[in-house]
Amino acid sequence: MNKEPLICLPGQRLSISDTTYTTGQGTYQRQGYIYSMLAGTVEMIDRNGVKVIEVHTTGEKTLVPTQGDIVTAQVCIITQQYAKCNIKCIGGTVLRSPFKAVVRRENIRATEKDKIEVYKSFRPGDIILARVLPITEAHSYQLTTAENELGVVTAYSEAGYSMVPVSWTEMQCPKTLVKEPRKVAKIIPENIVLDGLNLNSDIDD
């Protein structure tokens, strides 16, 4: 890459993707190359010998999910193979507009992946903590909850009450005492923002 600032457009190929060059904010990897997700300026950051390729917009900074980020998301749709979500927060920052993402069945738990059933882990409307996996397509985010600290943090029973965890695999309605299966997060990090989210929006997207 040249020392002069490189201006790029969305979808523009920026570099090969290998052990030396990797994706960062505003980029994604596909078929061995790194592409831009945004229109902006390309930056290359050296992190322990690995060159991270990032794209930054001019003016107001655009916050987008990046590999390794912990995000707060709301489950919208579940199937036998995955749960579709809307990312509402990145770390402690509430987003103005959500990003669409998917948690695939094999990425829900770290063990017994062949026995996982999506509907026993998440339900539409649940708020989850998840980690962003490597990005392989523009604006297509894959999430994982296969860590003890990740999973459902807020869920409502069929009666409409906020449920409480009774184990790491079940939550209970405090009114009806009915238990429902969930992939429960064991720890809620203090810097995760849950207040101020519109929990009733985007469920049907």
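Basis of the calculations
Residues numbered from 1 in each chain as written. Predicted model: local features only at pLDDT ≥ 70, side-chain atom pairs only at ≥ 80, totals over all residues. Heavy atoms only, no water. Buried < 20%, exposed > 50% of the residue type's maximum accessible area, 1.4 Å probe, protein only. Helix = DSSP H or I, 4+ residues; strand = E, 2+ residues; numbered from the N terminus. Pairing = 2+ DSSP bridges. Salt bridge = Lys/Arg side-chain N within 4 Å of Asp/Glu carboxyl O.

**Student:** Looking at this structure, how should I read the pairing of strand β9 (residues 82-90)?
**Tutor:** Side-chain direction in a regular strand flips from residue to residue, so the side chains alternate between the two faces of the sheet. Across the nine residues of β9, seven count as buried, placing the element largely inside the fold. Relative to β9, strand β8 (residues 70-78) is paired through seven bridges, and the arrangement is antiparallel. Note on β9: the bridge partner recorded for Ala73 is Ile87. Counting the residues between successive antiparallel strands, the hairpin from β8 to β9 contains three residues. Relative to strand β10 (residues 93-104), β9 runs antiparallel, the two sharing eight bridges. Within β10, the position partnered with Tyr82 by the bridge is Arg104. Where β9 folds back on β10, the antiparallel hairpin that results is connected by two residues, among which Gly91 adopts a positive phi of roughly 60 degrees.

**Student:** Looking at this structure, I do not really get the pattern of salt bridges. What am I missing?
**Tutor:** Pairing between side chains becomes possible if they bear opposite charge and their charged atoms approach one another. Summed over the entire model, instances satisfying the criterion amount to seven salt bridges. With its nearest N and O atoms 2.7 Å apart, the salt bridge here joins Asp126 to Arg182. Placement of Asp126 in the loop between β10 and β11 (127-132) and of Arg182 in the segment after β16 (179-181) is noted, with a sequence separation of 56 residues between them. Through salt bridges with shared partners, a single ionic network connects Arg123, Asp126, Glu180 and Arg182.

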